[in-house]
Amino acid sequence: MKAEERDRLQAPVDLVNARKRAALIAMTAVTAGFLILQGPGFGMAPGWVGLAHLLLELAAVGMAVQVISTAWGGLSYSASTRANLFIAGFGIVAGADLLHALVHESLATPVLQADEAAATWFWVVGRVVQVAVMGLVLLRVRLPGPRALWLQTAVLVACVLGLSASAVVSRWAADSADAVAAIACVASWAAAAGCYRRFARTADPCDLWLVLSCFLLGAALFVAGLYGQAPGRADLVADLLRLGSYLCLHRAVFLNGFDGPLRRLVHSETALRDREAELKNILENLPVGLCRLDRYLQFRYANGRFRKIMGADTSEMPGQSLDTLLSAEQAEVLALPLERALSGDRIEFDFSTVGALGERPQHRHAVLAPARLDDGGIGGVLAIVSDVSDREHARQRAAETAQEIQDLRAALDAHAIVAVTDGRGVITRVNDKFCSISRYPREELVGKTHRIINSGHHPKGFFGEMWKTISRGEVWNGEVCNRTKDGALYWVHTTIVPLLGAQGVPVQYIAIRADITKRKEAEAQAQRMALHDALTGLPNRRLMGDRLQHAVLAAEREGQCGALLILDMDNFKDVNDSLGHAAGDQLLQQVATRLGDGVRKSDTVSRLGGDEFVVILERLGPGLQDATAKALDIGMKICEELGRPFCCAGNTINTSTSIGVVLFHGQGDVPDELVKQADMALYKAKEEGRNRVAFFDPDLQSEINARAELLRELRNALARQELRLYYQPVVDASLRIVGVEALLRWQQDRLGLVSPAQFIPLAEQSGLIISIGEWVLQEACRQLKVWEDDPVRQHWTVAVNVSAKQFHDEQFIGRVLRILEASGAAPHKLRLEITESMMQVNLEQTVVTMQTLKALGVLFSLDDFGTGYSSLSYLKKLPLDQLKIDRSFVADIMDDPNDAAIVRTVISLAEHLSLTVVAEGVESLEQKQFLVRHGCTAFQGFLFGRPVPAELLGEQLPSVQVAQAALDKARR
């Protein structure tokens, strides 16, 4: 191949110029056709036009045959399989075009006897087949099989085509020629567009010539269809365009079958020469000596390094025998290994040669391998020789220090956990202590990095800072948490010492560790005890405050709402009092477990103390309404879950919970204020009846502030002598006062007269009820002592209400005895009023307390009978003297038959139990008469007098007398 042709084939295809040439050809063809069609006539006689048409048809047939021959001779397999398509398709096209030319009317004497319709039929078949071939080429359809078979098939089809030109078929073809031309035109241009898209994707110039071929074919069909009724010039233009289409197609087939493979062949040869040069360059620059010997031990090749190592003459080595070029000593050493290599063995050995006097021996390492031929036979030996003199000398020096290093290693291994890594951190050695603490065998550690024991405990930046330090050549110290093979964590105090290389860069690291796991566990336990509740294991108040702070900041940062829930168990004190603190502790532990199971893992459950728990809910959504709904749903689920029975110390406990909720979104929320607001909401939940969820609102804040102010004033009420006792008379059926009930009032300088409904519950909740109750007993007993000298009042009894907290106080009995003794009041004139709720907590102790005071003469009344958890068994056990019918039953006895029935039942029950009865809330004569008719003996209510101070009690007597007179008048 000539150098110019080789350079052409090596040069890359100029796609830009190829596009320009294709565009120029297309424009030229279109322009020429347009000028022929629209320009002035050539003055050619019809006979000459027919002859020109015949010549162009024959030229087209010849070009089609040329396409077939070019496709036939393609060099590549892909061109061969595609060539079958061109051979078969253009064989048929050539046959159809030839038949068309032979029967066309342009011939003075047609060769074949047929009408013009037959010529049209052959033309239609030729164009349809040509368009079909281009479409199949676009779709990459390939026809397998031998080329001769497809050529024979095409010839056969052409013969059949010649015999098929019947009058009917020919007439149909003549009638539909224009339609076929239009369809084939559109299909050709569609194929041109498809080929161009493929060319844009593959940059294959073959596709560009296919684009041009399809375009020219479409143009020929367009001219034939548009000017089909005016033959002559139109036929000539169509024939010229079709011939151009064949020429472009022939170029595409040539590029695909010949030019492309030749280009690839030239590129392959060039690449092969480049690789040979590269290989030679590599072999010449190898740090080892390399040679190739034939089976007669003659040198075929030897690189420069081999010549230098073996001391051979570089000019005479190729083609020379091994014995003639090497020294006798070297030839003797290599003789036996070479024989073994020629027999098929791979030999690797060391040898040395003695230099001149005073020089050190030269050490060599040789690898001999058989050079096998394609048939598997041995054609020679490949020898690789390395100069290992430095290595051997270094090995000798290393041997001198090996024992010293071994002694140091043994001492270090005995006292520390040691690991050695290379400069990349890959473990190269570990001692037994490392394997023992990590529980990995040595073979699983060596070759790995310390990631194998990474626990994930430390943040990403931790090890980054460590690597920055040791990469600078500095020693690093720190505490690291690692993970054993079975998943357990352990802590080590680590010192990493970098070993620097010649460039001042660490090449090795020695990590010396000490096990500090027990110390860290002790620290963790201490930390946990400081931040967690000892009973439930939940976060305590301190840790809760920290997590609440984080939750508030996260809510502000993420634009989310959260909620703080404070809850406590309703009547938890009753559990402690009745079942003991051990059962109460079990209940709290079970509550903690249910709370933890009932919320998400991202939420926080903590214990504030006593029976108070806190739940922090995060990421409830950006909207306040949705967050409120979710918090309410979770709160209700908690109420439902904690409302299920608990089993503690063999007892089934039924309890409930009250929950206060406050929402937060981070903007301006203060954790301490959120806790206060949730606590206010909890107070509201309890005030509304317990076992419910209440949300904080600003009105509640005002209410709590007022409550707090009232509580502050109440704490000073006794010292300021602001408490007062008012007395309300209790009369018999004759309207004679038989006793009074002492009722507490608070006269505050700034607030005025404060209702008992406001401050009594506050006193009970705050614990002030103990001291206030003691003052009430003292004042009532003092008043009893004063009335002993009054002949009218000396027979009166004074009833004092006692709260449950006051009654169950361990010092209550002693306190009552001390007050009676100090005041000198008669015990049988003191009546203590208790409520049914006291019977629900430690009934046995309640009975003992009552019996102790009863033995001294103190009387007992059961107040508000029927409004609580009434039980006849309680009445039978308690040493009562009196039942008081609640005012809620008395108020409607004249109108409600149910209330009337209840009142009659209570009176009858008291009569059978030998108890007196007092009806409270009597406000009309009709009520008093009804009660008298059914056996009630004592009455209390506004009809007989309102509560007044002791000094005004005498003024209530006239009103009683007026009531009596009115009663007598009614009887008359």
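Located above this text is the structure these notes cover.
What you are looking at is a predicted structure, and each value in this text was computed from that prediction instead of being measured. (Residues numbered from 1 in each chain as written. Predicted model: local features only at pLDDT ≥ 70, side-chain atom pairs only at ≥ 80, totals over all residues. Heavy atoms only, no water.)

Engineer: Quick one: what's the story with the overall build of the chain, residue by residue and with numbers?
Structural biologist: Helix and strand counts for the chain stand at 33 helices and 27 strands. The buried share of the chain, taken over its 972 residues, is 45%. Taking as baseline every contact in the chain between residues at least 6 positions apart, the subset at least 24 positions apart corresponds to 63%. If you sum the accessible surface of the chain, you get close to 49,700 Å²; carbon and sulfur atoms cover 56% of it. (Helix = DSSP H or I, 4+ residues; strand = E, 2+ residues; numbered from the N terminus. Buried < 20%, exposed > 50% of the residue type's maximum accessible area, 1.4 Å probe, protein only. Contact = heavy atoms within 4.5 Å. Areas by Shrake-Rupley, 256 points an atom, 1.4 Å probe, with all protein chains shown as cover.)

Engineer: Break down a positive patch on the surface for me, citing the residues and quoting the values.
Structural biologist: Among the surface-exposed residues, Arg140, Arg142, Arg197 and Arg201 lie close enough to one another that they form a single positively charged patch. Along the chain, Arg197 falls in helix α7 (residues 167–202). By relative accessible area, which is 66% here, Arg197 ends up exposed. (Patch = residues over 30% accessible without salt bridge, like charges linked within 9 Å, V, L, I, M, F, W, Y side chains within 5 Å. Salt bridge = Lys/Arg side-chain N within 4 Å of Asp/Glu carboxyl O. Lys, Arg positive; Asp, Glu negative; His and termini not counted. Charge placed at Lys NZ, Arg CZ, Asp CG, Glu CD.)

Engineer: Describe the side chain of Arg831, and please don't skip the residues or the numbers.
Structural biologist: Mapped onto the elements, Arg831 comes out in strand β22 (residues 830–834). Buried charge without a partner: Arg831 forms no salt bridge, and the closest opposite charge is Asp881, 5.1 Å away. The contacts of Arg831, once residues within four sequence positions are left out, are Thr797, Val798, Ala799, Val800, Leu859, Phe860, Ser861, Asp881 and Gln882.

Engineer: Before we move on, could you go through the sheet that holds strand β5 (residues 378–387) and cite the residues and values that matter?
Structural biologist: Here five strands make up an open sheet; going across it, the order is β2-β1-β5-β4-β3 and the pairing antiparallel. Of all strands in the sheet, those with a lone pairing partner are β2 (299–302) and β3 (347–353), marking the two edges. Across the sheet, the mean angle from the axis of one strand to that of its neighbour is 20°, orientation sign disregarded. For strand β4 (residues 362–372) and β5, the ladder comprises nine bridges, and the chain directions are antiparallel. Following the sheet pairing, Arg364 is matched in β5 by Asp387. The strands that helix α12 (residues 328–342) touches are β1 (289–294), β3, β4 and β5; relative to β3, the one it contacts most, it runs at about 175°. (Pairing = 2+ DSSP bridges. Axes fitted to C-alpha atoms, helices over the stretch in contact; angles between N-to-C directions.)

Engineer: Summarise the packing of helix α18 (residues 541–558) against helix α22 (residues 671–687); cite the residues concerned and give the values.
Structural biologist: One way to put it is that α18 packs onto α22 with a least axis distance of 9 Å and a crossing angle of 105°. In terms of axis orientation, α18 runs roughly perpendicular to α22. Between α18 and α22, the contacting residues are Met544, Leu548, Gln549 and Val552 on the first element and Pro671, Leu674 and Val675 on the second. For the contact of α18 with α22, the per-class residue count stands at six nonpolar, one polar and no charged. (Parallel < 35°, antiparallel > 145°, perpendicular 65-115°, else oblique. Nonpolar A, V, L, I, M, F, W, Y, C, P; charged D, E, K, R; others polar.)

Engineer: Tell me about the pattern of salt bridges, and name the residues and values.
Structural biologist: Scanning the entire structure with this criterion turns up 34 salt bridges. For Glu641, the salt bridge is made with Arg644, and the minimal N-O distance between the two is 2.3 Å. Given a relative accessible area of 40%, Arg644 falls into the partly exposed group. Taken together, the shared-partner salt bridges connect Glu713, Arg720, Glu722 and Arg750 into one network.

Engineer: Let's hear about the nonpolar core: which residues, and what values?
Structural biologist: In this structure, Leu832, Leu880 and Leu931 are the most contacted members of the largest nonpolar core, which totals 77 residues. Sorting elements by how many residues they give to this core places helix α25 (residues 769–787) first, with nine residues. If we skip the residues at most four places from it in the chain, Leu931 touches Val890, Ile893, Val903, Ile907, Ala919, Val922, Cys936 and Phe939. Counting residues in each nonpolar core, the second largest holds 45 residues, with Met63, Val133, Ala154 and Trp209 among its members. (Core = buried A, V, L, I, M, F, W, Y, C linked by side-chain atoms within 4.5 Å.)

Engineer: So what's going on with the state of the cysteines? Which residues, and what values?
Structural biologist: Evaluation of the coordinates by the stated rule reveals zero disulfides. Distance from the sulfur of Cys248, which forms no disulfide, to the nearest cysteine sulfur (Cys214) is 9.9 Å. (Disulfide = S-S within 2.5 Å.)

Engineer: Please set out the side chain of Asp886 residue by residue, giving values where relevant.
Structural biologist: Here Asp886 shows up in the loop between β24 (882–885) and α30 (887–890). There is no salt bridge for the buried Asp886, and the closest opposite charge comes from Arg887, which lies 5.6 Å off by N-O distance. Here the side chain of Asp886 touches Ser888 through a polar contact of 2.6 Å, side chain to side chain. (Polar contact = N/O pair within 3.5 Å; in protein donor to acceptor, adjacent residues only side chain to side chain.)

Engineer: So, the packing of aromatic side chains: which residues are in play, and what are the values?
Structural biologist: Counting across every chain of the model gives ten aromatic pairs. Ring plane angle 80° and centroid distance 5.7 Å describe the contact between Trp746 and Phe759, whose orientation is recorded as edge-to-face. Placement of the pair is Trp746 in strand β19 (residues 737–748) and Phe759 in helix α24 (residues 756–766), with a sequence separation of 13 residues. For Phe759, a relative accessible area of 0% translates into the label buried. Through a chain of ring-to-ring contacts, three or more aromatic side chains come together here, namely Phe462, Phe463 and Trp476. Looking at Lys520, its charged tip hangs above the ring of Trp491, at a distance of 4.3 Å from the centre. If you follow Arg594 out to its NZ or CZ, it ends over the ring of Phe646, 3.7 Å from the centre. (Phe/Tyr/Trp six-rings, centres within 6.5 Å; stacked < 30°, edge-to-face > 60°. Lys NZ or Arg CZ within 6 Å of the ring centre and 35° of its normal.)

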